[in-house]
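Structure at a glance
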Amino acid sequence: MASFNSNEWRAICDKFTNAQNLTETESRKDPENDPFRSKYKARDLLREIYCSLKSFEAGEGEEDSSGESGDQRPTEEPVDGQREDVFGQGFSGDSPAGLRAARLGAVEYYLGVNHVDTEELSAGQEHLMNCMKLLERCRVSSQNVSLFIHVRNQLGILWAGRDETETAQGFLETAESIYQRYMKEDGSPPTDMTEYFTTEENLLTHQERTKRFELAYTHTMYYLAQVYKNLGQTERAATYCHTTLQRQLQLNQFTPMEWALNAATLSQYYITKGRYMEGRHCLSAATVISDLAGEVPSEAAAQESEAESERREHLRQKRAEIARCWIKYCLNLLQDARKQLEDNIGELDTDRQDELKMARRREEEEEEKGRKSALLFGSEDTFDSIASIEEKVMCLFPLDFTEARSVFLVGQNYVTQAKDFFQMDGYVTDHIEILQDHSALFRALAFFEEDMERRCKMHKRRVDMLETICNDLNAQYYLLIRRQLMFELAETYNEMMDLKLTLANRQADTQSLDNHTIKKFNHLCSASAKYFQMFLDSLCSPEGKYPEHLEEEVLRPALVARFRVARLHSRFISSSPTVQLDNLNKSLENYKYVVQYCEAHPEAEAAVETELELSKEMVGLLPLKINRLKARMASNN
């Protein structure tokens, strides 16, 4: 019989070290036509180790088979969580029987991972469940708690990959509860699984044991975040994702750009929940950590080396994606501020503005309390850098033009960064989405601008950035994007027209409208109607026939476009009765369409309640106006 201090045992330890080296290092060098060569060699070594351990067990098993409780091996596969108390039943972890079970379980674990890595999932599952069976004999202790958690992590990954999310959830939540109870009741640095096959002089330090154990639990958190996301539990998923990111920083176990992208993505969740302090913190941390990935290689370096070329492309793209998340932050902050401040006709409510300004001091105090209670990212090296980026943009709602402009300028700066990578040549869709966000930033800022002329100029900037692209895009390949652009251009011209009308009405109080003002107003009317009509025409069949039934995704836009076209035709300014009559007839025709479509399709009413009510009213009033105009024309003749 061999002892665990003999040469035979040292040979087993050497085999294990070789198996680990084959798995973690040599496998990266395997050729494409034999990608698992090293892992198959590692598997053979693990099988040899297993046989040797079984021979040890045969020689030593009689010594304490009667001295421990819980010796019965389960006859059924353990369902995770089946045993009520994995801490209070079974072999002691440091007993000979407990250590043998842990060693055999570890080999089963590594064989399971090996089979999963070589895409033999059923065999992998079998080995992992064998590990679970062996652990069923033992109480959780510092000698085996790491294995208890690792095997459940792997089974969680395995079942999640099969879309068996709830099964994965069971394994991972049990791993989480085992960690939490162990840390509460014991907390000492536990034995790492590799130490089952390590000679005494090569055992890990307490610090290294702690680091590896905490990393295993960090993986549990990460996998649970994915599971909760797939189960639709978004708030819980965000909490676990946030915890995972913080733990990765604390343990210094992360890839900078991957970490940064995950933090930036998490910010988008916080933004949708109106939690702008957390969103800003995630984005600031993402910006700082992404810098740890290093400088972007120059074009010259990229031309000389394929590796440098790929690195340049990777870094530029990922930083542009983070910039796009910043754009969304600024845009949503401005839009949500508008919702707080606008009155029932969409204009700035100055009473509400004053009220919110008075409440601002209290909000700032709440923000400071929130910062203290929040789980903040960073270490001594990065905390100050993250805070300095946070200071560049507010997380409270802007309440006036000056504050709104400061947010707008930050967003516009990130627009420039994002467009630098996502250019029209190669990234058409991304480039246009960034332009649409830039346009939306101008629109959000315009709400805070009190000067009508300056507000109009902001909308003109939106037209300038979208109009050429809309007209140049291939109608066949980019139909949906063109529809979005046509609708936005129509609405932008419409907003400009409303602003010009307001200015004209103010002017009319003191003097009559001049020809230049009328011409400008009619041009904006015509441009808006043109783009609404282009949008409607894009819904037609190749033969030019308008659909009898509007699909759900275009139902509201199409009916709103009809309503707006009707309204625009009734607002043209003309001294010619014939032109006036033509415009009123076109207006009536479009109002009638909205009413008749909703009568034929009652389910559409909910999509356009306000527009439908006004359309019905105009269908009743316009014929009277048309008849009066006709009578006047007849009498003049």
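Residues numbered from 1 in each chain as written. Predicted model: local features only at pLDDT ≥ 70, side-chain atom pairs only at ≥ 80, totals over all residues. Heavy atoms only, no water.

1. What about the overall build of the protein?
Test applied: Secondary structure counts use DSSP, requiring at least four H or I residues in a row for a helix and at least two E residues in a row for a strand, with both numbered from the N terminus. Radius of gyration here uses only the C-alpha atoms, and the compact-globule reference equals 2.2 Å multiplied by the residue count raised to the power 0.38. For every residue, the accessible area obtained with a 1.4 Å probe (protein chains only) is divided by the maximum for its type, and the residue is called buried under 20%, exposed over 50%, and partly exposed between those limits. Should any heavy atoms of two residues lie within 4.5 Å, those residues are considered in contact. Here, Shrake-Rupley sampling with a 1.4 Å probe gives the accessible areas, and only protein chains in the shown set may cover a residue. None of His or the chain ends enter the tally, which takes Lys and Arg as positive and Asp and Glu as negative. Note on charges: their place is set at NZ of Lys, CZ of Arg, CG of Asp or CD of Glu.
Helix and strand content of the protein: 22 helices and zero strands. Relative to its length of 637 residues, the protein is extended, with a C-alpha radius of gyration of 34 Å against a globular reference of 26 Å. With respect to the principal axes defined by its C-alpha atoms, the protein has extents near 125 × 55 × 50 Å. Within the protein, buried positions represent 48% of all 637 residues. Of the contacts made within the protein by residues no fewer than 6 positions apart, 71% connect residues no fewer than 24 positions apart. As displayed, the protein offers around 32,700 Å² of accessible surface, 46% of which is attributable to carbon and sulfur atoms. Distance between charge centroids for the protein: 6 Å, based on 77 positive and 107 negative side chains.

2. Some words on the nonpolar core
In a soluble, globular protein the nonpolar side chains are often hidden away together inside. Test applied: Within this scheme, the nonpolar core is defined by two criteria: the residues are buried Ala, Val, Leu, Ile, Met, Phe, Trp, Tyr or Cys, and they are joined through side-chain atoms within 4.5 Å.
Of all hydrophobic cores here, the largest spans 122 residues; its most connected members are Tyr329, Leu550 and Leu559. Broken down by element, the residue count for this core peaks at 14 residues, all from helix H12 (residues 306-341). For Leu559, the residues in contact, after removing those within four places along its chain, are Leu550, Tyr593, Val594, Tyr597, Cys598, Ala604 and Val608. Membership of the second largest hydrophobic core comes to 57 residues, among which are Ala106, Met132, Ile149 and Met221.

3. Side note on the side chain of Arg43
By secondary structure assignment, the location of Arg43 is in helix H2 (residues 37-60). Taking relative accessible area as the criterion, Arg43 reaches 7% and is therefore assigned buried. Apart from the residues lying within four places of it in its own chain, the contact partners of Arg43 are Leu111, Asn114, His115, Thr118 and Glu120.

4. A look at the environment of Gly93
With respect to the secondary-structure elements, Gly93 resides in the loop between H2 and helix H3 (96-117). Taking relative accessible area as the criterion, Gly93 reaches 4% and is therefore assigned buried. Sequence-wise, Gly93 and Tyr329 are 236 residues apart; in three dimensions their C-alpha atoms are separated by 51 Å. Beyond its immediate chain neighbours, meaning those up to four positions away, Gly93 contacts Gly98, Leu99, Arg139, Ser141, Gln143 and Asn144.

5. Quick notes on the pattern of salt bridges
Note the threshold: A pair is scored as a salt bridge if a Lys or Arg side-chain nitrogen falls within 4 Å of a carboxyl oxygen belonging to Asp or Glu.
Tallied over the full model, the rule gives 36 salt bridges. The residue Asp582 makes a salt bridge to Lys586 at a minimum N-O spacing of 3.4 Å. Here Asp582 and its partner Lys586 are both found in helix H21 (residues 577-600), four residues apart, which amounts to about one turn of the helix. Through salt bridges that share partners, Arg443, Arg462, Glu488 and Glu495 make up one connected network.

6. Focus: the domain arrangement of the protein
Condition: Each domain's extent was defined by an automatic or database domain assignment.
According to the domain assignment, the protein consists of domain 1 (84-253), domain 2 (267-296 + 306-346 + 376-450), domain 3 (456-545) and domain 4 (547-636). The gap between the C-alpha centroids of domain 2 and domain 4 is 41 Å.

7. Notes on a negative patch on the surface
Inclusion rule: Patch definition: residues above 30% relative accessible area lacking any salt bridge, with like charges linked at up to 9 Å and the nonpolar side chains Val, Leu, Ile, Met, Phe, Trp and Tyr linked at up to 5 Å.
Negative charge collects at one region of the surface, where Glu599, Glu603, Glu605, Glu609, Glu613 and Glu617 lie side by side. Mapped onto the secondary structure, Glu609 falls in helix H22 (residues 609-636).

8. Section: the packing of aromatic side chains
Definition in use: Between 30 and 60 degrees the pair is tilted, below 30 it is stacked and above 60 it is edge-to-face, where a pair is any two Phe, Tyr or Trp rings, Trp via its six-membered ring, whose centres lie within 6.5 Å. Geometrically, a lysine NZ or arginine CZ counts as sitting over a ring once it is within 6 Å of the ring centre and also within 35 degrees of the ring normal.
Enumeration over the complete set of coordinates arrives at 29 aromatic pairs. With a centroid separation of 5.4 Å and 40° between ring planes, the pair formed by Tyr179 and Phe213 is classed as tilted. Pair noted here: Tyr179 is in helix H6 (residues 165-185) and Phe213 is in helix H7 (residues 206-230), with a separation of 34 residues, a long-range link. A relative accessible area of 9% means that Tyr179 is categorised as buried. Taking the relative accessible area as the measure of exposure, Phe213 reaches 3% and is therefore buried. Between Tyr182 and Phe213, the aromatic rings sit 5.7 Å apart at their centres with planes inclined by 80°, giving edge-to-face as the arrangement. Linking Tyr182 in helix H6 with Phe213 in helix H7, this pair joins segments that are 31 residues apart in sequence. Each member of the pair, Tyr182 as well as Phe213, carries the same accessibility label: buried. Above the plane of the ring of Phe422 lies Arg324, whose end atom (NZ or CZ) is 5.3 Å from the centre. One Lys or Arg, Arg562, reaches over the ring of Tyr593 and ends 4.0 Å from the middle of that ring.

9. Let's talk about unusual backbone geometry
Phi is mostly negative for residues that are not glycine, and the peptide bonds are mostly trans. Residues other than glycine seldom take positive phi values, yet Glu119 does so here, at roughly 70°. Positionally, Glu119 belongs in the loop between H3 and helix H4 (121-135). Overall, Glu119 belongs to the exposed group, its relative accessible area being 63%. Even without being glycine, Asp163 reaches a positive phi, approximately 65°. Structurally, Asp163 is set in the loop between helix H5 (145-161) and H6.

10. Some remarks on the packing of helix H10 (residues 276-291) against helix H14 (residues 383-390)
The criterion, for reference: Axis angles are defined between N-to-C directions and span 0 to 180 degrees, where every axis is a line fitted to C-alpha atoms and, for a helix, only to the segment in contact. Convention used here: angles under 35 degrees read as roughly parallel, angles over 145 as roughly antiparallel, angles from 65 to 115 as roughly perpendicular, and any remaining angle as oblique. Helix crossings fall into two classes, left-handed where the near helix is turned counterclockwise from the far one by less than a right angle and right-handed where it is turned clockwise. In this count, Pro and Cys sit with the nonpolar residues alongside Ala, Val, Leu, Ile, Met, Phe, Trp and Tyr, while Asp, Glu, Lys and Arg are called charged and the others, Gly among them, polar.
Interaxial distance between H10 and H14 falls to 8 Å at its minimum, and their mutual angle equals 125°. Put simply, H10 runs oblique to H14. Handedness of the H10/H14 crossing: right-handed. Contact residues: H10 offers Arg280, His281, Ser284, Ala285, Thr287 and Val288, while H14 offers Ser385, Ile386, Ile389 and Glu390. Split into classes, the residues belonging to the contact of H10 with H14 amount to four nonpolar, four polar and two charged.

11. Here's the deal with the environment of Glu200
Looking at the secondary structure, you find Glu200 in the loop between H6 and H7. Here Glu200 falls in the exposed class, since its relative accessible area comes to 67%.

12. Some words on the packing of H4 against H5
In the contact formed by H4 and H5, the axes pass within 10 Å of each other and the chain directions differ by 150°. Relative to H5, H4 is oriented roughly antiparallel. Here the hand of the crossing between H4 and H5 comes out left-handed. Contacts from Leu121, Gln125, Leu128, Met129, Cys131, Met132 and Leu135 in H4 reach Leu147, Phe148, Val151, Arg152, Gln154, Leu155, Leu158 and Trp159 in H5. Here the residues of the contact of H4 with H5 are counted per class, giving twelve nonpolar, two polar and one charged.

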